[in-house]
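# Descriptive analysis of the structure
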Amino acid sequence: MAAYMRSVIILLSTERNALLRRGCDYTVESRRYVRGLRRTPVKVLFPDSNRETVPPPKGSEGRKEPKPAPPKAPGMKRTFSPPAAIMIPSHASVPASEQSNITFSKDRIGGLRFETAFPGDKRLARVVSIARSRTFREHQGKILLEGKRLICDALEAGAHPQMVFFSRVEKLCELPLDKLKRATLVKVKFEEIKIWSELVAPQGVMAIFSRPDPEKMSFPKARPTVPLSLICDNIRDPGNMGTILRSAAAAGCRDVLLTKGCVDPWEPKVLRAAMGAHFRLPVHCSLDWKDIRARLPEHTSVHVADNYCGPASAAEEEVTEHRHAEVRGQPTGALKAGDYGWVSTRRGRGNPDHDEYDSDSDSDDEAAAGLQLPRVDALLYHEGWGRGPAALVVGGETHGLSLESVGLAAETGGRRLRIPMVPGVDSLNSAMAASILLFEGRRQMLDSVETSARKGKAERRLI
């Protein structure tokens, strides 16, 4: 009996295999075929002329099916209309007349092709690291700008963009697209921009520009300027430097000259504090005092800002200085540099990165303290010092003015400008003092122009 049953099973399996292989190369077994029927069948789309209706499967009456896409004619290109997620905002920098002409596609916008960064793309990290180092910025000639306003100001001034990183397409639409034709556009995730951004609330757009040359940039021609130059002497704090540049642009200065001891004006912190002032007036950095003399127009008087907190009036201060000179047994007018709290006993520096921690020896300080300081008369800041072409020197809070700046003021007949303060206050912030003196100089120069114009009108009436 067992042998009979074994032979029957073998016969049935042989006939089953033969039946599965008969007539086709592939056959679905009965069990798999039953499972396949339980699934939703594929909906077949027929041409418009032979369209048939396929009855929906059981149990799918309440389920909505997607509408079939219209047939694509041969030789016809498919156009993409901008969805609501990438509509151009009304406040974008693109003119309203051109917004309708901007076309969108998967990797193209307004005729510009952009790339999508893949996971592991290190380009953003690499360029940001380079832009944050002064050595790499100077060697490779690149700067980092972040935010719509700063990037637009740079493009309007004629700066050359190299790479633009953005998180969404509408962020790119806010920039003047016609000035980004030579730049590499890369779309990255917002999380990557947030990692490398120094802002509390990143705007989702960062750009790498070539280091601008102030001689080749196009500044606003209608900018009202006054014959006043600003000289920054050993300003090493990025926040103070940015605020000073912003005040200089607001006061209408002709240009800004930075000595070699100053912080790099293209540092990201300086750029944020300046709010685009770099692209509104020429900023010349890393200059020797010989170069500064050459850049000043003829008949320019150089004045220095005095952060000394002493008597309220200039006359009282002169008496105090003479009294100290007599006590030390020195002739009047032959005071040493170390006798003044507003003058540094160190000469002008080179790169501040090498002497950031003041590694000077005591012997150098003693030798510098014995140098004779040229005599520069003191004057209150609101008195008449801005009647003609002038330059204002503002020193750093730590070291004050350099000896070269005082010598240049003595040669050009400049004055030592003081801002009187109440007792107990050491000094003003460098940026605050510069702002007060710059706007006071502007006021005096404009008053001088108005006075001369009135005199000219009166003389013509008499004639």
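Residues numbered from 1 in each chain as written. Predicted model: local features only at pLDDT ≥ 70, side-chain atom pairs only at ≥ 80, totals over all residues. Heavy atoms only, no water.

Scanning the protein chain for helices and strands turns up 15 helices and 13 strands. Counting the 463 residues in the protein chain, one finds 39% classified as buried. Of the accessible surface of the protein chain, which amounts to about 28000 Å², a share of 54% is contributed by carbon and sulfur atoms. (Helix = DSSP H or I, 4+ residues; strand = E, 2+ residues; numbered from the N terminus. Buried < 20%, exposed > 50% of the residue type's maximum accessible area, 1.4 Å probe, protein only. Areas by Shrake-Rupley, 256 points an atom, 1.4 Å probe, with all protein chains shown as cover.)

Moving on to the nonpolar core. Leu 228, Leu 230, Cys 232, Met 241, Leu 245, Val 256 and Leu 438 are the most contacted members of the largest nonpolar core, which has 35 residues in total. Taken together, the elements giving at least two residues each to this core come down to β7 (228-233), α9 (238-251), β8 (255-259), α10 (268-274), β12 (390-395) and α15 (430-462). Not counting residues within four places of it along the chain, the set of residues in contact with Met 241 comprises Cys 232, Ile 235, Leu 258, Cys 262, Val 263 and Val 270. The next biggest cluster of nonpolar side chains, apart from the first, holds 30 residues, and it includes Leu 150, Leu 180, Ala 207 and Leu 271. (Core = buried A, V, L, I, M, F, W, Y, C linked by side-chain atoms within 4.5 Å. Contact = heavy atoms within 4.5 Å.)

Attention now goes to helix α6 (residues 148-156). Taken together, the buried positions of α6 are occupied by Leu 150, Ile 151, Cys 152, Asp 153, Ala 154 and Leu 155. Against β3 (142-146), β4 (161-166), β6 (205-210) and α10 lie the buried residues of α6. The first or second residue beyond α6 is Gly 158, which carries a positive phi of 95°.

What follows deals with the sheet that holds β6. Spatially, the six strands line up as an open sheet ordered β1-β2-β5-β4-β6-β3, and their pairing is mixed. Two strands close off the open sheet at either side, each with one partner strand: β1 (108-109) and β3. Bridge analysis of β4 against strand β5 (residues 184-187) gives four bridges, and the strand direction is parallel. Across the sheet, Val 164 pairs through a bridge with Leu 185, a residue of β5. (Pairing = 2+ DSSP bridges.)

Here we take up the sheet that holds strand β13 (residues 416-418). Taken in spatial order, the seven strands of this open sheet run β9-β8-β7-β12-β10-β13-β11, and their pairing is parallel. Looking along the sheet, the strands with just one partner apiece sit at the ends: β9 (283-287) and β11 (378-380). Each neighbouring strand pair of the sheet contributes to a mean axis angle of 30°, computed without reference to strand direction. The pairing of β7 with β8 spans four bridges and is parallel. (Axes fitted to C-alpha atoms, helices over the stretch in contact; angles between N-to-C directions.)

Remark: α9 packs on α15, axes separated minimally by 9 Å, with the N-to-C direction vectors making an angle of 10°. Taken together, α9 and α15 sit at an angle that is classed as roughly parallel. Taking contact as the criterion, the partners of Asn 240, Thr 243, Ile 244, Ser 247, Ala 248, Ala 250 and Ala 251 in α9 are, on α15, Ser 430, Ala 431, Ala 434, Ser 435, Leu 438, Phe 439 and Arg 442. Broken down by class, the residue content of the contact of α9 with α15 amounts to eight nonpolar, five polar and one charged. (Parallel < 35°, antiparallel > 145°, perpendicular 65-115°, else oblique. Nonpolar A, V, L, I, M, F, W, Y, C, P; charged D, E, K, R; others polar.)

Our next topic: α9. With 14 residues, α9 ought to run about 20 Å at 1.5 Å a step, and its terminal C-alpha atoms sit 20 Å apart, in line with that. For α9, a buried count of ten out of 14 residues is recorded, marking the element as mostly surrounded by other parts of the structure. Among the residues of α9, those classed as buried are Pro 238, Asn 240, Met 241, Gly 242, Ile 244, Leu 245, Ser 247, Ala 248, Ala 249 and Ala 251. Next to the buried residues of α9 lie β7, β8, α10, β9 and α15. Between a side-chain oxygen at the N-terminus of α9 and the backbone nitrogen of Gly 239 the separation is 3.1 Å; the capping residue is Asp 237. Phi turns positive, to about 80°, at Gly 252, one or two residues after α9. (Expected span 1.5 Å × (residues − 1). Polar contact = N/O pair within 3.5 Å; in protein donor to acceptor, adjacent residues only side chain to side chain.)

On to the pairing of β3, then. Summarising burial for β3: four of the five residues are buried, a large majority. Alignment of β3 against β6, held across five bridges, turns out to be antiparallel. Within the sheet, the bridge partner assigned to Glu 146 lies in β6 and is Met 206.

For the rest of this paragraph, the subject is the packing of aromatic side chains. All told, the structure shown has two aromatic pairs when counted by the stated rule. Considering the side-chain rings of Phe 114 and Phe 166, the 5.6 Å spacing of their centres and the 80° angle between planes classify their relative orientation as edge-to-face. Taken together, the residues span a long stretch of sequence, with Phe 114 in strand β2 (residues 112-116) and Phe 166 in strand β4 at a distance of 52 residues. In terms of burial, Phe 114 and Phe 166 fall into one category: buried. Consider the rings of Trp 266 and Phe 279, whose centres lie 5.9 Å apart with planes at 45°: the pair is tilted. With a gap of 13 residues between them, Trp 266 in the loop between β8 and α10 and Phe 279 in the loop between α10 and β9 connect regions that are remote in the sequence. For the pair Trp 266 and Phe 279, a shared accessibility class is recorded, and that class is buried. (Phe/Tyr/Trp six-rings, centres within 6.5 Å; stacked < 30°, edge-to-face > 60°.)

Our next topic: unusual backbone geometry. Positive phi, normally seen in glycine, also occurs at Asn 234, with a value near 60°. In this structure, Asn 234 sits in the loop between β7 and α9. We note that Ser 286 has phi near 55°; this positive angle belongs to a residue other than glycine. By the element assignment, Ser 286 lies in strand β9. Accessibility expressed as a relative area gives 32% for Ser 286, which makes it partly exposed.

Let us look at the confidence of the model for the protein chain. Residues at a pLDDT of 70 or more form 65% of the protein chain, whose mean pLDDT is 76. Across residues 311-316, where pLDDT falls below 50, the model places eleven contacts with residues more than four positions away in sequence or in other chains. A low-confidence stretch, residues 349-369 (pLDDT under 50), is modelled with 30 contacts involving residues beyond four sequence positions or located in other chains. (pLDDT = per-residue confidence, 0-100.)

Most of β4 is tucked away: five of the six residues are buried. As paired strands, β4 and β6 are joined by five bridges and run antiparallel to one another. Bridge pairing in β6 places Phe 165 opposite Met 206.

Here the idea is simple: oppositely charged side chains can pair when their charged atoms come close. Here the structure, examined in full by the defined rule, presents 16 salt bridges. In this structure, Asp 121 and Arg 123 form a salt bridge, with 2.8 Å as the shortest nitrogen-oxygen distance. What you see here is one network of salt bridges that share partners, running through Glu 115, Asp 121 and Arg 123. (Salt bridge = Lys/Arg side-chain N within 4 Å of Asp/Glu carboxyl O.)

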